[in-house]
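Topology and contacts: notes
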Amino acid sequence: NNVGFHYAKNVVGADFIAVLNNDIIIPEKNFIHQVEALYADSKFDVAGPDIESLADHGHQNPMLTTVLSVKAVDKEIFRYKLLAIVNKTGLYEKFKKNRQEAPKTPVKKTEKRMENVTLHGAFVIFSKNFIDREEYCFRPGTFLYMEEAILYRYCMDQHYKLIYDPDIKVFHKEDSSTSSLFTASKDKRDFVFSNMVKSLKVYRKILNE
């Protein structure tokens, strides 16, 4: 994503850069005009559309904002390191069978435009002001996980305006990114746990700054 952002900024000279997963579907033929209209009205730095998951038809924007303390982040790093060890030993499946998870209720669409909320990383739009000032769209060292919380915290520190617009809509074939890479669930879990640790360390660094 950062390589693409750098290319679009320095080679293409883009006024807007949309960073999206490879499992996103854009149904709107006038998507670019919608983005231009949103910027003209709100002067956003970073924007996110209504993202409907094709897995459960829940809506992923805006995300619940949870600002963790450094102490809480340290606990999460320890937890994911422990999970990675348990997964490598083959004991994760045994623990999982004994644990019952409550079914998730799909999140309903937020109908109103909202400002300075956490935007889902599957589809993020950056405007000229952000592009001119930044070399990266996501903080270096992260991959797929915690990017939303890190971007939100960074944007708040830099006084960037984040906008969620329900009138721009996309669909998300959720988990297709990791599922296409890994067929064995053990390998997928190892990928998730290791990258969560890396992203949490980046988040902790931003909190300490």
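Data block above holds the structure.
This write-up is about the structure you can find in this document. (Residues numbered from 1 in each chain as written. Predicted model: local features only at pLDDT ≥ 70, side-chain atom pairs only at ≥ 80, totals over all residues. Heavy atoms only, no water.)

**With respect to the environment of E148**
Put simply, the rule reads: Numbering of helices and strands starts at the N terminus; helices are DSSP runs of H or I of at least 4 residues and strands are runs of E of at least 2. Under the rule applied, a polar contact is a pair of N or O atoms within 3.5 Å (in protein, one hydrogen donor and one hydrogen acceptor; residues adjacent in sequence only if both atoms are side-chain atoms).
By the secondary structure assignment, E148 is in helix α6 (residues 147-157). The spatial distance from the C-alpha of E148 to the C-alpha of V124 is 9.6 Å, given a sequence separation of 24 residues. Among the polar contacts listed, one links the side chain of E148 to the backbone nitrogen of G121, at a separation of 2.9 Å.

**Section: the packing of helix α3 (residues 70-89) against helix α8 (residues 185-208)**
Note the cut-off: Only the stretch in contact is used when a helix axis is fitted, and all axes are lines through C-alpha atoms; the angle between N-to-C directions ranges over 0 to 180 degrees. Roughly parallel refers to an angle under 35 degrees, roughly antiparallel to one over 145, roughly perpendicular to one between 65 and 115, and oblique to any angle outside these ranges. Helix crossings fall into two classes, left-handed where the near helix is turned counterclockwise from the far one by less than a right angle and right-handed where it is turned clockwise. Contact criterion: two residues are considered in contact whenever any of their non-hydrogen atoms come within 4.5 Å of each other. The classification used treats Ala, Val, Leu, Ile, Met, Phe, Trp, Tyr, Cys and Pro as nonpolar, Asp, Glu, Lys and Arg as charged, and all other residues, Gly among them, as polar.
Where α3 contacts α8, the axes come no closer than 9 Å and their chain directions differ by 160°. Relative to α8, α3 is oriented roughly antiparallel. α8 is crossed by α3, and the crossing has left-handed handedness. Judged by residue contacts, V70, V73, D74, E76, I77, Y80, K81, L83, A84, N87 and K88 of α3 engage K186, R189, D190, F193, M196, V197, L200, K201, Y203, R204, L207 and N208 from α8. Its residues assigned to classes, the contact of α3 with α8 comprises twelve nonpolar, two polar and nine charged.

**Side note on the pairing of strand β6 (residues 162-172)**
Put simply, the test is: Each residue is placed in one exposure class: buried if its accessible area under a 1.4 Å probe, protein chains only, is under 20% of its type's maximum, exposed if it is over 50%, and partly exposed if it falls in between. Pairs of strands are assigned from DSSP output, requiring at least two bridges between the strands.
Taken across its eleven residues, β6 has nine buried, putting it largely inside the fold. Pairing between strand β2 (residues 24-25) and β6: two bridges, direction antiparallel. Its bridge partner lying in β6, I24 is registered against H172. Where strand β3 (residues 46-53) meets β6, eight bridges bridge the pair, whose relative direction is parallel. Bridging from a neighbouring strand, G48 pairs with Y164 of β6. The pairing of strand β4 (residues 114-115) with β6 spans two bridges and is classified as antiparallel. Of the residues in β6, the one forming a bridge with E115 is I163.

**As for the packing of α6 against α8**
Running from N to C, α6 and α8 cross one another at 15°; their axes reach a closest spacing of 10 Å. As judged from the angle between their axes, α6 and α8 are roughly parallel. As α6 runs across α8, the sense of the crossing is left-handed. Of the residues in α8, those touching α6 at A149, I150, R153 and D157 are S199, V202, Y203, I206 and L207. Grouping the amino acids of the contact of α6 with α8 by side-chain chemistry returns six nonpolar, one polar and two charged.

**Considering the pairing of strand β1 (residues 17-20)**
Alternating residues of β1 divide into I17 and V19, all buried, and A18 and L20, none buried. In this sheet, strand β5 (residues 123-126) lies alongside β1 in antiparallel orientation, the contact comprising four bridges. Within the sheet, the bridge partner assigned to I17 lies in β5 and is F126.

**Brief notes about helix α2 (residues 31-42)**
This is how the line gets drawn: Multiplying one less than the number of residues by 1.5 Å gives the expected span of a helix. The directions considered for the arc are those from the helix axis to the C-beta atoms.
A rise of 1.5 Å per residue sets the reference length of α2, with its twelve residues, at 16 Å; its end C-alpha atoms lie 16 Å apart and thus fit the reference within 8%. For α2, every residue scored as buried is listed here: F31, Q34, V35, L38 and S42. In an axial view of α2, the angular spread of the buried residues amounts to 100°, which keeps them on one side of the axis. Turned more than 90 degrees off the buried face of α2, the exposed positions are I32, H33 and A40.

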